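# Geometric and topological summary
Each chain, written out:
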Amino acid sequence: MKVLGIDTSNTPLGLALADGNVVKGEWITNVKKDHSLRAMPAIESLFRQCGMAPKDLDLIVVAKGPGSYTGVRIGVTIAKTLAWSLGIPIAGVSSLEVLAANGRCFSGLIVPLFDARRGHIYTGLYHSDGSVLRQLEPDQLVVADEWARRLGERGEDVLFIGADVPLYHELFQRVLGGRAHMAPPSLALPRPSELVMLGKEKERRNAHTFVPDYLRLAEAEVKWLAKQKGERNDGDRCTISANDHS
């Protein structure tokens, strides 16, 4: 089985090509540049360097979020377009699960995280027996202080993984003390080769029905919903007022 993995869900751009259990090529960059401009040329280059072509593919695996709303949408759109044009299925993998896989040799709890701003983080809770990664709590958007408290109540060693971990290092150390462990920088970025291998075990989806997992609405959607709610409330007030004067 030949598989292409695509991850544009956060700042890193990650791509991988695998043939069976052999990773033929992997591409990772960690720069704040537009994935919409860089992803397709990088995919073309990876195919060329690995001596493969899109028509050879049997499956496309994509990081389905959470993360940057625009970043997730770019990767999913590319994956769906390629899958539809090639007539092959898609498999989605949590962006947090991909990151958690970097800590599969840690014996305690594994906590991947992405900064969600304003004191919030995207995170999840995982554990590994050294090979198989198991999810203990669903991926979620949570206040960092609350998450640290919940982890502290478990009384177990915790490995925090991700490029945004330094933003919350002091918090986790204060709450968990010596039970808080920070993954080294070499493990801070999600590996697209892990994405591919995890994706091979996930449910196959049709390109038309596949949807990303943002965990929260985009800011524009939040404002639109708030506006709609305000207009409905105004309408209710007008109705009450009219009834009062009847």
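Residue positions are given per chain, counted from 1 along the sequence in the order it is written. Under the rules for a predicted model, residues below a pLDDT of 70 receive no local features and side-chain atom pairs below 80 are neither given nor counted, while totals for whole chains, interfaces and linings still include all residues. Only heavy atoms go into the side-chain values, all of them from the structure, while hydrogens and water stay out.

## With respect to the overall build of the protein chain
What counts is decided by this rule: In this text, helices come from DSSP runs of H or I with a minimum length of four residues, and strands from runs of E with a minimum of two, each type numbered from the N-terminal end. Throughout, exposure labels follow a simple rule: accessible area from a 1.4 Å probe, protein chains only, divided by the maximum for the residue type, with under 20% read as buried, over 50% as exposed, and the rest as partly exposed. Whether two residues touch is decided by their heavy atoms; if any such pair falls within 4.5 Å, the residues are in contact.
When its secondary structure is counted, the protein chain shows 7 helices and 10 strands. Split into buried and exposed, the 246 residues of the protein chain put 45% on the buried side. For the protein chain, restricting intrachain contacts to residue pairs at least 6 apart in sequence, the fraction spanning at least 24 positions comes to 65%.

## Brief notes about the pattern of salt bridges
What counts, and what does not: Should a side-chain nitrogen of Lys or Arg be within 4 Å of a carboxyl oxygen of Asp or Glu, the pair is scored as a salt bridge.
Under the defined criterion, the tally for this structure stands at 9 salt bridges. Of the charged contacts in the structure, one is a salt bridge between E194 and R104, with a shortest N-O distance of 2.8 Å. Placement of E194 in helix α6 (residues 192–199) and of R104 in the loop between α3 (95–100) and β6 (109–117) is noted, with a sequence separation of 90 residues between them. The pair formed by E194 and R104 is uniform in burial state, with each residue classed as buried.

## With respect to the side chain of H35
Considering the arrangement of structural elements, one finds H35 in helix α1 (residues 35–50). With relative accessibility at 7%, the residue H35 sits in the buried group. Contact partners of H35, with chain neighbours within four places excluded, come to T8, N10, T11, P12, L13 and I74.

## Some points on the layout of surface pockets
Threshold: A cavity here means a set of points on a 1 Å grid, drawn over the protein atoms and nothing else, where a 1.4 Å probe fits but cannot get out; a pocket is an open set with protein on both sides within 12 Å along at least five of seven lines, and a residue lines either one if it has an atom within 4 Å of a point. Grid points are joined across faces, edges and corners, and a volume is the space filled by probe spheres set on the points. Gly is placed with the polar residues, together with every amino acid not listed as nonpolar (Ala, Val, Leu, Ile, Met, Phe, Trp, Tyr, Cys and Pro) or charged (Asp, Glu, Lys and Arg).
Each pocket or cavity is described by its volume, and for the second largest pocket that value is around 270 Å³. Lining the second largest pocket are 18 residues; nearest its centre among them are K64, G92, V93, S94 and K202. Every element with two or more residues in the lining of the second largest pocket is listed here: β5 (90–93) and β8 (133–143). The leading source of residues in the lining of the second largest pocket is β8, at 4 residues. Its residues assigned to classes, the lining of the second largest pocket comprises 6 nonpolar, 4 polar and 8 charged.

## Points about empty space enclosed by the protein
For the structure shown, the criterion picks out 1 cavity of 30 Å³ or more. For the largest cavity, the calculated volume is near 30 Å³. Around the largest cavity, the lining residues are D7, S9, N10, P12, S95, F114 and P190. When its residues are assigned to classes, the lining of the largest cavity shows 3 nonpolar, 3 polar and 1 charged.

## Let's talk about helix α4 (residues 144–154)
As a reminder of what qualifies: Directions pointing from the helix axis toward each C-beta atom define the arc.
Taken together, the buried positions of α4 are A144, W147, A148 and L151. Looking straight down α4, one finds its buried side chains confined to an arc of 100°; they lie on one side. Directly after α4, the chain includes G155, whose backbone phi takes a positive value near 70°.

## Points about the packing of aromatic side chains
What describes a pair of aromatic rings is the distance from one ring centre to the other and the angle between the planes of the rings. Definition in use: Any Phe, Tyr or Trp ring, taking Trp's six-membered ring, that has another such ring centre within 6.5 Å forms a pair; planes under 30 degrees apart are called stacked, those over 60 apart edge-to-face, and the others tilted.
The tally for this structure, following the rule as stated, stands at 3 aromatic pairs. Centroid distance Y168 to F172: 6.3 Å. Interplanar angle 40°. Geometry classified as tilted. This pair shows no difference in class: Y168 is buried, exactly as F172 is. An aromatic cluster is present here, built from F160, Y168 and F172 joined pairwise through their rings.

## Thoughts on the pairing of strand β9 (residues 158–161)
Selection rule: By definition, two strands form a pair when at least two bridges between them are found by DSSP. Orient the strands so they point away from the viewer; a crossover is then right-handed if the path from the first strand over the helix to the second runs clockwise.
By the alternation rule, side chains of β9 split into V158 and F160 and L159 and I161, which are all buried. Bridge analysis of β6 against β9 gives 4 bridges, and the strand direction is parallel. Counterpart to V111 in the pairing with β9 is F160. Two elements, β9 and strand β10 (residues 180–182), share 3 bridges in a ladder whose sense is parallel. By the bridge assignment, L159 is partnered in β10 with H181. Once the chain exits β9 it traverses helix α5 (residues 169–176) before rejoining the sheet at β10, and the crossover so formed is right-handed.

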